[in-house]
Amino acid sequence: MTTNASTRLTETHRKAIVAGTIGNAVEWVDWALYSIFVKIIADEFFPRSDGAVGLLSTLAVFAVGFVMRPVGAAVLGAYADRHGRKKGLTLTIGLMAGSSFVIALTPNYDTIGIFASIILLFARLVQGFSAGGEFGSSSAFLVESTVPGRRAFAGSWQQVSVGGGTLIASLLGTVLTSTLSDDALHSWGWRLAFVVGGLLGLIGLWLRVSVEDTQSFTAMSADGRAKANPLKAMFRKHPRAALRVVGITIAGTLTYYIWITYLPTYAHITTGIPLNQALLSQTLCLVVFIVLLPFAGILSDRIGRKPTMSAFAAGFVVLAWPLLALMNGSFVMLVVVQLVGMLLILGYSANCAVIMAEQFPPEVRATGIALPYALAVAVFGGTAPYITTWLSEAGYRDQLWIYVSVAALVSLVVYLTMPETKDKEFK
């Protein structure tokens with residue numbers, strides 16, 4: 001049993017969690033902005049002769065960015081396992097912020113033709129590479145920066161930061177779409193959002209430079225346990241744990257990218273609700289989601305990873321169809337759909353960092369979290385906006401719930417059969 005002493009956070013623990021959370025949040029602003037302004041980016045970086053083709057091309061670039069996430073996970077995860085969580089986190093945020101500035105400053109298709117599309121693709125590849133290494137490094141950093149009885153609580157702040165970054169991006173989108181004309185939004189407004197995202201990334205870079213590395217990594221390095229090739233060691237010694245991470249992630253990443261990242265754009269396209277109203281709904285629901293995440297982490301620390309994650313997956317198995325069927329262009333109904341979905345996702349988001357970190361020893365932890373997670377996200381998360389839009393364009397909008405429910409059922413089986421790790425020894 002966990003004692004009261006083991007659940008008490010010191011000032012050092014709190015500072016590490018705050019620094020890790022803020023730095024991670026500002027990086028995810030840059031990543032989320034693309035989804036929010038995807039329709040405008042389609043008009044700016046691809047030919048406007050066929051709006052549907054341009055939108056699908058832009059979503060394809062979104063998906064291709066996820067293809068680089070496993071590459072970034074393998075390279076940057078191994079870098080963080082060899083050289084430290086701090087150095088890994090510093091590198092990822094620098095790449096993300098730089099790419100945001102590139103997107104903001106690239107001339108549109110009417111000015112430089114196909115080169116605009118190529119530069120956009122390159123920038124998203126770099127952002128995907130960065131995001132691939134970010135999750136493993138930040139999850140390892142936060143979970144290693146706490147005491148045994150508060151691991152889920154600390155790990156939940158990884159997703160608080162992701163939600164916070166998405167919220168900031170959503171607020172930027174809401175303000176710009178509500179205050180600017182369509183002409184101003186297309187000509188310079190959306191670019192301003194990416195400039196702001198890049199500047200916030202530089203603030204995150206400064207925060208990460210100022211933080212100390214974790215005791216887990218420091219002790220591992222001092223004992224000579226660091227691996228020359230963490231990627232090879234992960235595959236050879238921990239293959240089952242890596243496969244488990246994939247299964248854990250499937251439902252979480254699919255529902256997250258549909259409900260939290262893409263649903264405003266999807267609702268705007270399919271139901272005709274104004275984009276600013278859809279973004280306002282997202283913003284309101286994200287506030288609730290972010291506030292409740294640490295409490296969901298506390299619940300996991302008390303009752304376990306399995307019951308809280310199983311409740312999330314079972315909820316989507318049962319509720320995916322009625323939730324998606326309720327979207328009818330009404331602002332109130334969109335709020336209901338988003339809020340219920342986000343409340344269910346709490347069971348995944350509060351646990352994902354800690355449950356993955358608990359699968360691996362520190363010498364392969366960042367790599368072990370990052371690569372299997374990135375592979376699952378690339379297949380199920382990165383393609384989610386494209387598949388949902390394609391289903392709608394092809395007349396299969398009413399069948400989207402089947403995709404969500406099947407993914408949730410697969411992960412539910414994993415959650416019910418995996419070992420409980422709440423009280424597992426953790427170095």
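Here the structure is a predicted model, which means the values were calculated and not measured.

*Asks:* Lay out the environment of T270 with the relevant residues and their values.
*Replies:* Looking at the secondary structure, you find T270 in helix α11 (residues 239-271). A relative accessible area of 18% places T270 in the buried class. Non-local contacts of T270, meaning those with residues more than four positions away in its chain, are made with S392 and R397. Among the polar contacts made by the side chain of T270, one reaches the main-chain carbonyl oxygen of Y266 at a distance of 2.7 Å.

*Asks:* For the pattern of salt bridges, give the residues involved together with the corresponding values.
*Replies:* Inspection of the entire model under this criterion finds 9 salt bridges. Taking the shortest distance from any N to any O, the salt bridge between R151 and E358 comes out at 2.9 Å. Here R151, found in helix α7 (residues 151-179), pairs with E358, found in the loop between α15 (352-357) and α16 (365-381); they are 207 residues apart in sequence, far enough to count as distant. For E358, a relative accessible area of 1% corresponds to the buried category. For E358, the salt bridge goes to R305, with nearest N and O atoms at 2.7 Å.

*Asks:* Describe the nonpolar core, and please don't skip the residues or the numbers.
*Replies:* Membership of the largest hydrophobic core comes to 107 residues, with the highest contact counts inside it found for F37, I248, W259, F289, Y348 and M356. Once you skip the residues sitting within four places of it in the chain, W259 turns out to touch F316, L323, L324, V337, Q338, G341, M342, I345 and V404.

*Asks:* Go over helix α13 (residues 305-325), please, and point to the residues and values.
*Replies:* Relative to the 30 Å expected for 21 residues at 1.5 Å per residue, α13 spans 30 Å between its end C-alpha atoms, a close match to the ideal helical length. Of all bends in α13, the biggest is about 60°, found at L319, and the proline P322 comes one to four residues later. Within α13, burial applies to R305, T308, M309, S310, F312, A313, G315, F316, A320, L323 and L324.

*Asks:* Break down empty space enclosed by the protein for me, with residues and values.
*Replies:* Under the criterion given, the structure shown has 2 cavities of 30 Å³ or more. Empty space within the largest cavity amounts to approximately 170 Å³. Taken together, 16 residues make up the lining of the largest cavity; nearest its centre are W28, V162, Y256, Y257 and Y373. Put simply, the parts of the chain that give the lining of the largest cavity at least two residues each are α1 (11-36), α7 and α11. Top element by residues in the lining of the largest cavity is α11. It accounts for 5 residues.

The rules behind each value
Residues numbered from 1 in each chain as written. Predicted model: local features only at pLDDT ≥ 70, side-chain atom pairs only at ≥ 80, totals over all residues. Heavy atoms only, no water. Helix = DSSP H or I, 4+ residues; strand = E, 2+ residues; numbered from the N terminus. Buried < 20%, exposed > 50% of the residue type's maximum accessible area, 1.4 Å probe, protein only. Contact = heavy atoms within 4.5 Å. Polar contact = N/O pair within 3.5 Å; in protein donor to acceptor, adjacent residues only side chain to side chain. Salt bridge = Lys/Arg side-chain N within 4 Å of Asp/Glu carboxyl O. Core = buried A, V, L, I, M, F, W, Y, C linked by side-chain atoms within 4.5 Å. Expected span 1.5 Å × (residues − 1). Bend = angle between axes of the 7 residues up to and from the residue. 1 Å grid on protein atoms, 1.4 Å probe; cavity = no way out; pocket = protein on both sides within 12 Å on 5 of 7 lines; lining within 4 Å. Points joined across faces, edges and corners; volume = space filled by probe spheres on them.

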